[in-house]
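A closer look at the structure
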Amino acid sequence: MTSNTRPVYLKLRDMIAAAIIDGTYPEGSMLPSVRALAAEQGANPLTVAKAYQQFQLDGLVEVQRGVGMMVAPGARAWLLDAEKKRFLQNEWPEVLARIARLGLRVNDLLDNTVPSA
């Protein structure tokens, strides 16, 4: 499924997951409210709530009534592991096939240079 065909709630979920992984929202910190994130992203609040719901089901956020959603301990490690698996299973085979099709070598990739013709 390409980025253009993915549902908005999954795009939002990926965006939030990336922010947890990169430390924008460290463990123990509060996530933006549903309304605030919806306004920031130009999304429907119900769509943001659906994105947040999966984090709750996975135990990656803790809801504190009257306070908000906090990033749960262990969320970063869990998300990082899940993203690595998803990359290796879904994206890497396509990247590897393209590398082979283009005739790139390991040194070409490491040097970030294009081989001369």
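None of the values given here were measured: they were computed from a predicted structure.

Cut-offs and rules
- Residues numbered from 1 in each chain as written.
- Predicted model: local features only at pLDDT ≥ 70, side-chain atom pairs only at ≥ 80, totals over all residues.
- Heavy atoms only, no water.
- Core = buried A, V, L, I, M, F, W, Y, C linked by side-chain atoms within 4.5 Å.
- Buried < 20%, exposed > 50% of the residue type's maximum accessible area, 1.4 Å probe, protein only.
- Helix = DSSP H or I, 4+ residues; strand = E, 2+ residues; numbered from the N terminus.
- Contact = heavy atoms within 4.5 Å.
- UniProt positions renumbered as here; feature names shortened; annotations may be inferred.
- Phe/Tyr/Trp six-rings, centres within 6.5 Å; stacked < 30°, edge-to-face > 60°.
- Axes fitted to C-alpha atoms, helices over the stretch in contact; angles between N-to-C directions.
- Parallel < 35°, antiparallel > 145°, perpendicular 65-115°, else oblique.
- Left-handed = near helix turned anticlockwise from the far one by under 90°.
- Nonpolar A, V, L, I, M, F, W, Y, C, P; charged D, E, K, R; others polar.

Moving on: the nonpolar core. Ranked by internal contacts, the top residues of the largest apolar core, which has 21 residues, are I16, I20, L31, V48, Y52, F55 and L79. Elements represented by at least two residues in this core include exactly α1 (8–21), α2 (34–41), α3 (45–57), β2 (68–71) and α4 (75–102). Residue contacts for I20: discarding those within four places in its chain leaves Y25, F55, V71, A75, R76 and L79.

Here we come to the UniProt feature "domain: HTH gntR-type" (unreviewed entry) in the chain. Sites flagged by UniProt as "domain: HTH gntR-type" (unreviewed entry) map to residues 6–74. In residues 6–74, helix accounts for 51% and strand for 12%; the two terminal C-alpha atoms are 27 Å from one another.

This structure, assessed with the given rule, holds one aromatic pair. A ring pair is formed by F87 and W92, whose centres lie 6.1 Å apart and whose planes are at 45°; its orientation type is tilted.

Take the packing of α1 against α3 next. Two elements in contact, α1 and α3, have axes separated by 8 Å at closest approach and are oriented at 55°. Taken together, the axis directions place α1 and α3 in an arrangement best described as oblique. The handedness of the crossing between α1 and α3 comes out as right-handed. Contacts between α1 and α3 involve V8, Y9, L12, R13, I16, A17 and I20 from the former and T47, V48, K50, A51, Y52, Q54 and F55 from the latter. Of the residues contributing to the contact of α1 with α3, the split by class is ten nonpolar, two polar and two charged.

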